[in-house]
Amino acid sequence: MRLYFNIVIYFLGGSNLNRNRNIWAGVFFGIGFVAFIDETVFHQLLHWHHFYDQSTTDIGLISDGLFHAFSWFATVMGLFMFADLRRKGQFSIKRWWGGSLIGSGSFQLYDGTIQHKLMKIHQIRYVDSVIVYDVVWNAIALILLILGIFLVYHSKEQEKLNRGKMTHDQ
Amino acid sequence: MINNSHQDSVFHISHLFLLFLFIMVAGYLVATIFLYQKGKRWPIIRCCLWLLGWACIGSTFVGPIADQALHHFLFHMIGHILIGMLAPLLLVLARPMTLLFNILPVKYARRLTTVLKSWPFKVLSDPTVTAVLNIGGLVVLYKTELFSLMHDHFILASLIHLHMFLAGFAFTFSILCMDPTAHKRSFTYRAIVLILAIAAHGLLSKYMYAHPPLGVSQKEAELGAMLMYYGGDVIDLGLVYFLCQEWYRVRGRRLEIHKKTSYYLKG
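Note that the structure is a prediction, hence the values are computed from the model and not measured. (Residues numbered from 1 in each chain as written. Chains lettered and ligands numbered in written order. Predicted model: local features only at pLDDT ≥ 70, side-chain atom pairs only at ≥ 80, totals over all residues. Heavy atoms only, no water.)

1. A short note on the overall build of chain B
Inference 1: Check the secondary structure of chain B and you find 13 helices and 0 strands.
Inference 2: Taken over the C-alpha atoms alone, chain B extends approximately 80 × 45 × 35 Å along its principal axes.
Inference 3: As presented, chain B carries roughly 14,700 Å² of accessible surface, and 70% of it is formed by carbon and sulfur atoms.
Inference 4: Side-chain charges in chain B split into 23 positive and 12 negative, and the spacing between the mean points of these groups amounts to 23 Å. (Helix = DSSP H or I, 4+ residues; strand = E, 2+ residues; numbered from the N terminus. Areas by Shrake-Rupley, 256 points an atom, 1.4 Å probe, with all protein chains shown as cover. Lys, Arg positive; Asp, Glu negative; His and termini not counted. Charge placed at Lys NZ, Arg CZ, Asp CG, Glu CD.)

Below is the structure:
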């Protein structure tokens, strides 16, 4: 429990706000970007996803609506946060990419498992072997998520090393 | 005979309405010229936004869209997007209240401020209230018999359109707060309400896709719902953009102050 709490604090809070702001800017942009790809590629271009599948549960509709609205907001807000960090000269590309990958991976995983399977908002494609699509979809999501966590963790390790160096130099 | 007089009265109301539109646009332009003569600057783009906004409203009352709206659900939806979403956004961006305060003599401006500070305006500038008025109005319109009644009674249709516009304007105003207002809420609060409102708008359109309003065929409802969903998304993107831009500007101002006052950054 204590460990879990520490991990949450490690990601959410911390002494330096701007360090986490880089991650949050990435997470916002990542969620928005994945939702945008989902909408343009799978709904509009390929026509794999359906606008409204009659088997959708009510909670699925609500969840989809909320996430759609949030992703719209998150894209714009993420880009403005990015611009704000650049303006202040506090932008860290590694943390931002880490955040983006965490955001996109976790949203895709949520979409692929809970929204598609549990809430049945729609399937990835309306064919017999949909399980193949599901596995590929969620595997990609997991890879993105793990890569993102690795990047964020790595950037923090590097920062610790740098901090050590600076004190040594002084 | 009866039909004829009905036609006459309709004609009359739409004329009055056009006159009102003309007064609003002309008034804004005159005020701008007045400001220029006083030596103050006012961006021309705001005049264009104001003009476009009223043009959107005008096109839903008279002209081809208004004629088709009675027969086709799709055109009704175009009207809804124009009058309830696009026109309010354009008009809020034109900052009419700022212009009004700029040209009014101080004495009248103070009186206006007192009126604007009163409780009805306070209630009306809360984003939650305006969001409920806006989305609630739509839910009542599309889920009850009101929608089919609207086609038979001209006055009822006008009132519904008026509510659509006023609620849309109040909502956009309370979210963006472009003009100086005494009742501005925090950015986070406005952002959350905006996200919930966008979600509710999308949900309503998906609901209509599956359950058409009374007197609308399934196919028409599907087309209309898709237009409401994606058209709404485009306008909402504008709302989100201007809301976030305000956040960015406020932080920029803070950064400037910080740079000016901080010894460490100067050195």
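Here the narrative resumes, following the displayed structure.
2. Quick notes on the overall build of chain A
Inference 1: For chain A, the count of helices and strands is 5 helices and 0 strands.
Inference 2: Each helix (α) and strand (β) of chain A, taken in turn from the N terminus, gives the series α-α-α-α-α.
Inference 3: By the burial criterion, 46% of the 170 residues in chain A qualify as buried.
Inference 4: Across chain A, contacts joining residues at least 24 apart in sequence account for 81% of those joining residues at least 6 apart.
Inference 5: Carbon and sulfur atoms provide 70% of the accessible area of chain A, an area that totals close to 9,600 Å². (Buried < 20%, exposed > 50% of the residue type's maximum accessible area, 1.4 Å probe, protein only. Contact = heavy atoms within 4.5 Å.)

3. Quick word on the nonpolar core
Inference 1: Within the largest apolar cluster, 80 residues are counted, with the highest numbers of intra-cluster contacts made by Phe-73 of chain A together with Tyr-142 of chain B.
Inference 2: If sequence neighbours within four positions are ignored, Phe-73 of chain A has contacts with Phe-28 of chain A together with Phe-187, Ala-191, Ile-195, Val-240, Leu-243 and Cys-244 of chain B.
Inference 3: Counting 9 residues, the second-largest nonpolar core is a separate cluster that includes Val-34, Ile-102, Leu-145 and Val-152 of chain A. (Core = buried A, V, L, I, M, F, W, Y, C linked by side-chain atoms within 4.5 Å.)

4. Some words on the packing of helix 10 (residues 154-176) of chain B against helix 12 (residues 218-261) of chain B
Residue and element names in this part refer to chain B.
Inference 1: Viewed as axis vectors pointing N to C, helix 10 and helix 12 meet at an angle of 30 degrees, and their least axial separation amounts to 9 Å. Classified by the interaxial angle, the pair formed by helix 10 and helix 12 is roughly parallel. Where helix 10 abuts helix 12, its residues Phe-171, Thr-172, Ile-175 and Leu-176 lie against Leu-239, Phe-242, Leu-243 and Glu-246.
Inference 2: Residue classes in the contact of helix 10 with helix 12 are distributed as 6 nonpolar, 1 polar and 1 charged. (Axes fitted to C-alpha atoms, helices over the stretch in contact; angles between N-to-C directions. Parallel < 35°, antiparallel > 145°, perpendicular 65-115°, else oblique. Nonpolar A, V, L, I, M, F, W, Y, C, P; charged D, E, K, R; others polar.)

5. Some words on helix 2 (residues 44-61) of chain B
All names here are of chain B.
Inference 1: Helix length check: helix 2, at 18 residues, gives a terminal C-alpha distance of 27 Å against a target of 26 Å (1.5 Å per residue), a fit within 8%.
Inference 2: Three or more residues of helix 2 are buried, namely Arg-46, Cys-47, Leu-49, Trp-50, Gly-53, Trp-54, Cys-56, Ile-57, Gly-58 and Thr-60.
Inference 3: Of the residues trailing helix 2, Gly-63 is marked for its positive phi of about 105 degrees. (Expected span 1.5 Å × (residues − 1).)

6. Overview of helix 4 (residues 93-118) of chain A
Residue and element names in this part refer to chain A.
Inference 1: With 26 residues, helix 4 extends 36 Å from end C-alpha to end C-alpha; this agrees with the ideal 38 Å at 1.5 Å per step.
Inference 2: The sharpest bend along helix 4 measures roughly 30 degrees and falls at Asp-111.
Inference 3: Once helix 4 ends, the next one or two residues include Lys-120, with phi positive near 55 degrees. (Bend = angle between axes of the 7 residues up to and from the residue.)

7. Points about the confidence of the model for chain B
Residue and element names in this part refer to chain B.
Inference 1: Chain-level statistics for chain B give a pLDDT mean of 87 and a share of 94% at 70 or above.
Inference 2: Here helix 13 (residues 263-266) stands out as the least confident element of chain B, with mean pLDDT 56; helix 4 (residues 73-93) is the most confident, with 93.
Inference 3: Contacts for the low-pLDDT stretch residues 1-5, under 50 throughout, to residues beyond four places or in other chains number 0 contacts. (pLDDT = per-residue confidence, 0-100.)

8. Description of the packing of helix 10 of chain B against helix 11 (residues 187-210) of chain B
Residues and elements named next belong to chain B.
Inference 1: As a packed pair, helix 10 and helix 11 sit with axes 9 Å apart at the nearest point and diverge in direction by 145 degrees. Across from Phe-171, Ser-174, Ile-175 and Leu-176 in helix 10, the residues of helix 11 making contact are Arg-190, Val-193, Leu-194 and Ala-197.
Inference 2: Grouping the constituent residues of the contact of helix 10 with helix 11 by class yields 6 nonpolar, 1 polar and 1 charged.

9. Considering the packing of aromatic side chains
All names here are of chain A.
Inference 1: In total, this model carries 26 aromatic pairs over all chains according to the counting rule given.
Inference 2: Their ring planes at 50 degrees and their centres at 5.4 Å tell us that Phe-82 and Trp-96 sit as a pair that is tilted. Of the two residues, Phe-82 sits in helix 3 (residues 58-88) while Trp-96 sits in helix 4, which places them 14 residues apart along the sequence.
Inference 3: The partly exposed category is assigned to Phe-82, whose relative accessible area is 25%.
Inference 4: For Trp-96, a relative accessible area of 11% puts it in the buried group. (Phe/Tyr/Trp six-rings, centres within 6.5 Å; stacked < 30°, edge-to-face > 60°.)

10. Topic: the side chain of Glu-246 of chain B
Residues and elements named next belong to chain B.
Inference 1: Assignment of secondary structure puts Glu-246 in helix 12.
Inference 2: By relative accessible area, which is 18% here, Glu-246 ends up buried.
Inference 3: Leave out the neighbours within four places in its chain, and Glu-246 touches Leu-176, Lys-184 and Arg-190.

11. Here's the deal with the interface of chain A and chain B
Interfaces are often described in size by the accessible area the parts lose on coming together.
Inference 1: Taken together, the 24 residues of chain A in the interface contact 26 residues of chain B.
Inference 2: For the pair chain A and chain B, the summed buried surface comes to about 2,700 Å²; carbon and sulfur atoms form 74% of the total.
Inference 3: Across the contact surface, chain A and chain B share 2 salt bridges.
Inference 4: A salt bridge links Arg-251 of chain B to Asp-84 of chain A, with the nearest nitrogen and oxygen atoms 2.8 Å apart. (Buried area = accessible area lost by both parts, 1.4 Å probe. Salt bridge = Lys/Arg side-chain N within 4 Å of Asp/Glu carboxyl O.)

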